[in-house]
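Residue strings, one per chain:
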Amino acid sequence: MRILVLGAGFGGLELTTRLSDALGDDVEVVLIDQGEGFVFGFSKLDVMFGRTVADAVVHPYRDLVKRGVTFVQTTIRSIDPEARRVETDAGPFDGDLMVVALGADLHPADTPGLLEGGNEFYTVAGAFALRDVLGAFTGGRVVVGVTSTPFKCPPAPSETALLTHDFLTDRGLRESSTISLVMPLPVPIPPSPGASEALLTAFAARDIEWMPRRLVRGLDPERKVALLSDDTELPYDLFLGVPVHRAPAVVEESGLTVDGWIPVDPLTLETSHEGVYAVGDVTSVGTPKAGVFAEGQAVVVAEAIIARHRGQTDAPHYDGHGLCYLEFGHDQVAKVDVTFLSGQAPHGDLVGPSSELARDKVEFGTSRIQRWFGREWVTDTPVAD
Ligand SMILES: Cc1cc2nc3c(=O)[nH]c(=O)nc-3n(C[C@H](O)[C@H](O)[C@H](O)COP(=O)(O)OP(=O)(O)OC[C@H]3O[C@@H](n4cnc5c(N)ncnc54)[C@H](O)[C@@H]3O)c2cc1C
């Protein structure tokens, strides 16, 4: 059996690790990604705020050694879901089964003025470049803003506002600065009233202006104002934006998407094409676009493939569960245990924040790198005692 796995992000890495651990050389897994290496979303914030360096958070794919898995670094140019075949810069590949884990592409250029007059912290390049931009900032009006929905990791803009507060405080710039957070959501984390309440309290305590239910439609770099979806304007000196998200063009062109994302069976993650699965940000399965959900979905697909290989009929169904960590700043981290089940209102409980959970979050990252890449990840992210 040959399994094509498209994308070596959170979903693709978890899936191929599970297949290798369970089946080794009994199946042939081809993992394709165009990138040099994997970067956790939260590591982007660590680099941007000077808590670690870029070299420490890029995990090169050349380190991937998994029995039964061949990694191919190349760009996928077309996907034929019917034939379970892809065309790439390294030639064609086909499989008996195919898993699409290509994530969401980011389009900063789609927001007028964002590239010319602002910054975005969602791409690796954007977040890494912000380290210098923030380092050179001498204070003023900071706006953290979301430009469209859906967007990855809904807590990330809130975390960014809190970390900006710490960053400016540590540099003696907080008194001469304001921080505003423009979000499309009514509360920071709608499925978790507890987490939303804790964040709103933290914003109030730090004098961070919470501006819900609106988007940033564009920037006017000349006048240094953000143009909001409620037809108002917000002046800024430093704009930190969440750019427009779309499924990669190669996925849209494959015919797999409906309304921009790949619909899947919410229990099995199978698409409308037999033997073709999709996991993570590229789907419209109904969970937030976050690594923990991509990982949970990958586990279910891996179990289905393992069961199929062993001639078994029983495989677990996806339960929509994920555990998200939430940075409050000052090395305080909380966690939210959220479950999204179709037909039911999502719900989630908050634990923390605490420095113990900050250590848990570090362990979350290092354990993934250990399992996926088979090596230690010594992080230099400071954790309070
Ligand atoms: C600032 C920030 C903070 C975040 N914090 C968290 C957090 O704390 N917890 C959490 O769970 N999530 C977090 N996330 C979200 C998380 O990073 C993503 O949701 C997660 O990576 C999605 O996994 P995925 O496997 O679906 O896609 P990805 O991890 O994005 O992987 C997709 C892969 O497909 C590859 N690819 C795309 N197109 C092609 C092509 N044509 N050819 C070849 N390869 C291609 C890409 O190179 C990429 O490696 C954060 C995100 C950001 C931006």
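Residues numbered from 1 in each chain as written. Predicted model: local features only at pLDDT ≥ 70, side-chain atom pairs only at ≥ 80, totals over all residues. Heavy atoms only, no water.

## A look at the side chain of T75
With respect to the helices, strands and loops of the structure, T75 is situated in the loop between β5 (69–73) and β6 (76–80). Within polar-contact distance, the side chain of T75 engages the side chain of Q34 at 3.2 Å. Leave out the neighbours within four places in its chain, and T75 touches Q34, E87, T88 and D89. (Helix = DSSP H or I, 4+ residues; strand = E, 2+ residues; numbered from the N terminus. Polar contact = N/O pair within 3.5 Å; in protein donor to acceptor, adjacent residues only side chain to side chain. Contact = heavy atoms within 4.5 Å.)

## Some remarks on the packing of aromatic side chains
Applying the stated criterion across every chain, the model contains 18 aromatic pairs. Summarising the aromatic geometry, the rings of F10 and F40 are spaced 5.7 Å apart at their centres and angled 65° between planes, so their arrangement reads as edge-to-face. With F10 in helix α1 (residues 10–23) and F40 in the loop between β3 (37–38) and α2 (41–48), this pair connects stretches of sequence that are 30 residues apart. On the basis of relative accessibility, which here comes to 0%, the residue F40 falls in the buried class. Both rings, one in F38 and one in F40, keep their centres 5.0 Å apart while their planes meet at 80°; by these two values the pair is edge-to-face. Grouping aromatic residues by their ring pairs yields a cluster made of F10, F38, F40, F42, Y325, F364, W372 and W377. (Phe/Tyr/Trp six-rings, centres within 6.5 Å; stacked < 30°, edge-to-face > 60°. Buried < 20%, exposed > 50% of the residue type's maximum accessible area, 1.4 Å probe, protein only.)

## Looking at the packing of α1 against helix α9 (residues 291–309)
Each pair of packed helices gets described by two things: the angle between the helix axes and the distance between those axes. It is the contact of α1 with α9, at a shortest axis distance of 8 Å, that shows an interaxial angle of 30°. Taken together, the axis directions place α1 and α9 in an arrangement best described as roughly parallel. For the pair α1 and α9, the crossing hand works out as right-handed. Contacts between α1 and α9 involve F10, G11, E14, L15, R18, L19, A22 and L23 from the former and G291, V292, A294, E295, A298, V299, V301, A302, E303, I305, I306 and H309 from the latter. By residue class, the composition of the contact of α1 with α9 is 13 nonpolar, 3 polar and 4 charged. (Axes fitted to C-alpha atoms, helices over the stretch in contact; angles between N-to-C directions. Parallel < 35°, antiparallel > 145°, perpendicular 65-115°, else oblique. Left-handed = near helix turned anticlockwise from the far one by under 90°. Nonpolar A, V, L, I, M, F, W, Y, C, P; charged D, E, K, R; others polar.)

## Some details on the site of the ligand
Lining the immediate surroundings of the ligand are 28 residues, of which G11, D33, I76, D281 and G291 lie closest. Here an oxygen atom of the ligand sits 2.8 Å away from a polar atom, N or O, in the main chain of G11. Between the ligand and D33, the relevant distance is 2.6 Å, taken from an oxygen atom to a side-chain nitrogen or oxygen of the residue. Relative to its unbound accessible surface of 1,000 Å², the ligand loses 91% to contact with the protein. Taken together, the elements giving at least two residues each to the shell around the ligand come down to α1, α2 and α9. It is α2 that provides the largest number of residues to the shell around the ligand, a total of 4 residues. Considered class by class, the residues forming the shell around the ligand number 13 nonpolar, 10 polar and 5 charged. (Near = heavy atom within 4 Å. Areas by Shrake-Rupley, 256 points an atom, 1.4 Å probe, with all protein chains shown as cover.)

## Focus on α9
For α9, built from 19 residues, the straight-helix expectation of 27 Å at 1.5 Å per residue is met to within 8% by its first-to-last C-alpha distance of 27 Å. Just past α9, the residue G311 takes up positive phi, approximately 75°. (Expected span 1.5 Å × (residues − 1).)

## Here we look at the sheet that holds strand β7 (residues 85–88)
If you walk across this open sheet you meet the 3 strands as β6-β7-β8, and the pairing is antiparallel. At either end of the open sheet lies a strand with only one pairing partner, and these are β6 and β8 (91–94). If you compare each strand with its neighbour and ignore which way they point, the axes differ by 20° on average. Summarising the sheet, β6 and β7 pair through 4 bridges and their orientation is antiparallel. Each bridged residue has a counterpart across the sheet, and for D80 the counterpart in β7 is R85. (Pairing = 2+ DSSP bridges.)

## What to know about the pairing of strand β13 (residues 178–182)
Across the 5 residues of β13, 4 count as buried, placing the element largely inside the fold. Judged from the 4 bridges that link them, β13 and strand β14 (residues 208–211) form a sheet pairing that is parallel. In the strand pairing of β14, L181 is matched with W210. Crossover β13 to β14 through helix α7 (residues 193–206) is right-handed. (Right-handed = clockwise from strand over helix to strand, strands pointing away.)

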